[in-house]
Amino acid sequence: MSQHSEDLDTLIKRRGAIKAKLTIFRNYIKPLSSFSSLTDLQRFELEGRYERIQCLYNDFDKLQTEIETLLDAPDDDFKSRCEFEDQYHPTVALARSLLSATTNSEGSVKAVHIELVTALSSEAYIAALKRFVSRRGKPRSIWSDNGTNFVGACNELKGVLSNSDIASFMSQEGIDFNFSPPYSPHFNGLAEAAVKATKGHLKKLLSLTHLTYEEMSSCLCQIEAILNSRPLTPISSDPLDLTALTPAHFLIGRPLTSVPHPQITDCNITRLERYQRVELIRQHFWKRFINEYISLLQQKSKWSTSTGSLIPGTLVLVKDRTLPALLWPLGRITKTYPGSDGITRVAEVKTRTGTVVRGFNSICPLPLH
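- The protein is annotated in an unreviewed UniProt entry as Integrase catalytic domain-containing protein from Bombyx mori.

## A short note on the overall build of the protein
And step 1. Of the regular secondary structure elements, the protein holds 11 helices and nine strands.
And step 2. Among the 369 residues that make up the protein, the fraction classed as buried is 35%.
And step 3. Taking the contacts inside the protein whose residues are at least 6 apart along the sequence as the reference set, 63% of them involve residues at least 24 apart.
And step 4. Just so you have it, the protein exposes about 22,800 Å², and 55% of that area is on carbon and sulfur atoms.

## Re the packing of aromatic side chains
And step 1. Applying the stated criterion to the full structure yields nine aromatic pairs.
And step 2. For the ring pair F60 and F84, a centre distance of 3.8 Å and an interplane angle of 10 degrees mean the geometry is stacked. In this pair, F60 is assigned in helix α3 (residues 56–70) and F84 in helix α4 (residues 78–105), connecting sequence segments 24 residues apart.
And step 3. What makes F60 buried here is its relative accessible area of 1%.
And step 4. Judged by relative accessible area, F84 falls into the buried class, the value being 2%.
And step 5. Taking the centre distance of 5.0 Å and the plane angle of 75 degrees together, the rings of W286 and W328 count as edge-to-face.

## Some remarks on the side chain of E215
And step 1. For E215, the position within the fold is in helix α9 (residues 213–227).
And step 2. E215 gets classed as buried once you look at its relative accessible area, which sits at 14%.
And step 3. Excluding residues within four positions of it along the chain, E215 makes contact with H210, R274 and V278.

## Some words on the pattern of salt bridges
As a working rule, side chains carrying opposite charge can pair if their charged atoms are close by.
And step 1. Tallying each qualifying case throughout the model produces seven salt bridges.
And step 2. For the salt bridge of E115 with R135, the shortest nitrogen-to-oxygen distance reads 3.4 Å. Taken together, the residues span a long stretch of sequence, with E115 in the loop between α4 and α5 (122–136) and R135 in helix α5 at a distance of 20 residues.
And step 3. On the basis of relative accessible area, R135 is assigned to the exposed category, the value being 57%.
And step 4. With a shortest N-O distance of 2.9 Å, R282 and E279 are connected by a salt bridge. Residue R282 and its partner E279 are located together in helix α11 (residues 274–297), separated by three residues, close to a single helical turn. Of the two residues, R282 and E279, both sit in the buried class.

## As for α9
And step 1. The end-to-end C-alpha distance of α9 is 21 Å, a good match for the 21 Å that 15 residues give at a rise of 1.5 Å each.
And step 2. For α9, the full list of buried residues reads E215, M216, C219, L220, I223, E224, A225, I226 and L227.

## Looking at a nonpolar patch on the surface
And step 1. Side chains of Y337, V346 and V357 sit close together on the surface and give an oily, nonpolar patch of about 220 Å² of accessible area.
And step 2. Residue position: V346 is located in strand β7 (residues 344–351).
And step 3. Since its relative accessible area comes to 31%, V346 is described here as partly exposed.

## Quick word on α3
And step 1. Helix length check: α3 (15 residues) gives 21 Å between terminal C-alpha atoms against 21 Å at 1.5 Å per residue, within 8%.
And step 2. Those residues of α3 not exposed but buried are L56, Y57, F60, L63, Q64, I67 and E68. Axial view of α3: buried residues confined to an arc of 135 degrees, hence all on one face. Projecting away from the buried face of α3 at angles above 90 degrees are the exposed residues N58, K62 and T69.

## Remarks on unusual backbone geometry
And step 1. Phi angles above zero are rare outside glycine, and L326 is one such case at about 70 degrees.
And step 2. Along the chain, the position of L326 falls in the loop between β5 (315–318) and β6 (330–338).

## Focus on the pairing of strand β1 (residues 141–144)
And step 1. Burial along β1 is one-sided: the residues I142 and S144 are buried and none of S141 and W143 is.
And step 2. One ladder, built from four bridges, connects β1 with strand β2 (residues 176–179); its direction is parallel. Within β2, the position partnered with S141 by the bridge is D176.

## A look at the state of the cysteines
And step 1. Going through the model one piece at a time under the given rule, you end up with zero disulfides.
And step 2. Left without a disulfide partner, C219 is nearest to the cysteine sulfur of C221, which lies 9.3 Å away.
And step 3. Taking the relative accessible area as the measure of exposure, C219 reaches 1% and is therefore buried.

## A word on the pairing of β5
Here is the key point about a regular strand: its side chains alternate between the two faces of the sheet.
And step 1. Every second residue of β5 is oriented toward a common face, with L315 and L317 on one face and V316 and V318 on the other, all of them buried.
And step 2. The pairing of β5 with β6 spans three bridges and is antiparallel. Residue pairing in the sheet places V316 in a bridge with G331 of β6.
And step 3. Relative to strand β9 (residues 363–365), β5 is paired through three bridges, and the arrangement is antiparallel.

Rules of the game
- Residues numbered from 1 in each chain as written.
- Predicted model: local features only at pLDDT ≥ 70, side-chain atom pairs only at ≥ 80, totals over all residues.
- Heavy atoms only, no water.
- Helix = DSSP H or I, 4+ residues; strand = E, 2+ residues; numbered from the N terminus.
- Buried < 20%, exposed > 50% of the residue type's maximum accessible area, 1.4 Å probe, protein only.
- Contact = heavy atoms within 4.5 Å.
- Areas by Shrake-Rupley, 256 points an atom, 1.4 Å probe, with all protein chains shown as cover.
- Phe/Tyr/Trp six-rings, centres within 6.5 Å; stacked < 30°, edge-to-face > 60°.
- Salt bridge = Lys/Arg side-chain N within 4 Å of Asp/Glu carboxyl O.
- Expected span 1.5 Å × (residues − 1).
- Patch = residues over 30% accessible without salt bridge, like charges linked within 9 Å, V, L, I, M, F, W, Y side chains within 5 Å.
- Arc of directions from axis to C-beta.
- Pairing = 2+ DSSP bridges.
- Disulfide = S-S within 2.5 Å.

Given below as structure tokens:
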């Protein structure tokens, strides 16, 4: 037997092994598609198998190309490539849909990423998108309003992807662009709420001074950190645990911190250095945002019956306007003090610095999700 035949037989055997792996994954995933939801164990196993199966196409394509090169009539073996792709792509799509459905059913977290651009153009938007992908990773989908810069960037990226040499790039690695109807910003309310939280306070604060590009970029990064440091819900029910889950946990895996700086909110801005003016804007933004966030947690609708009172062990946010930025005053209720009418309006709260007594109007319970 010639060396040529031996090489061809080896490649065909290796190709058969790849096909067998795909068949095993197909047989595994078919029963999962009939389930209404996946358990945590099933989801973790599916994620692990899906990560390993993603490289099969590239391995198969490489082997199949070598086989077709060695064959005298490569068209005769072209059917093998078509059969593999007809099985591979639907299987991968099914796996992605199962993982996506499981992720969506578990809820979502709203985090903020702010980019400073010099123009409202498609080129500036693409540059900002590249910076975002480099720092946060490539998103699966992007929702935006119908601005011409967003639509133009989408069309340009689609043109690049359509000319790619990798046939499956768009289906596996492409970004799904979604646009709200023209002149309907309320359709993208989740993102618009985050924009409002930033622009509303920032417009009032920027009237104090004029910033350079570098100063403005630093200011926006610090504002982004403030927005992503807000407490969402208790991490655990442990009465000794005074930490809360924040958007930063989903971005970097831990709470955000900042470099300490003395309070300068009462200083005259004309007597401050350039870098101190940026710090002044940050401190003013922090005070405005924490007051707004506490008010949001304390919103009450019209009621006619009692909805219950706070109980010991509840994680609460304590009103304290003296704390620096990113230091949220959290505590656990250790004791309550009922009034003469039996209604509790005062509680003893354990914080990191000690135990304090506060009225219910000065503490905000974090919602349980």
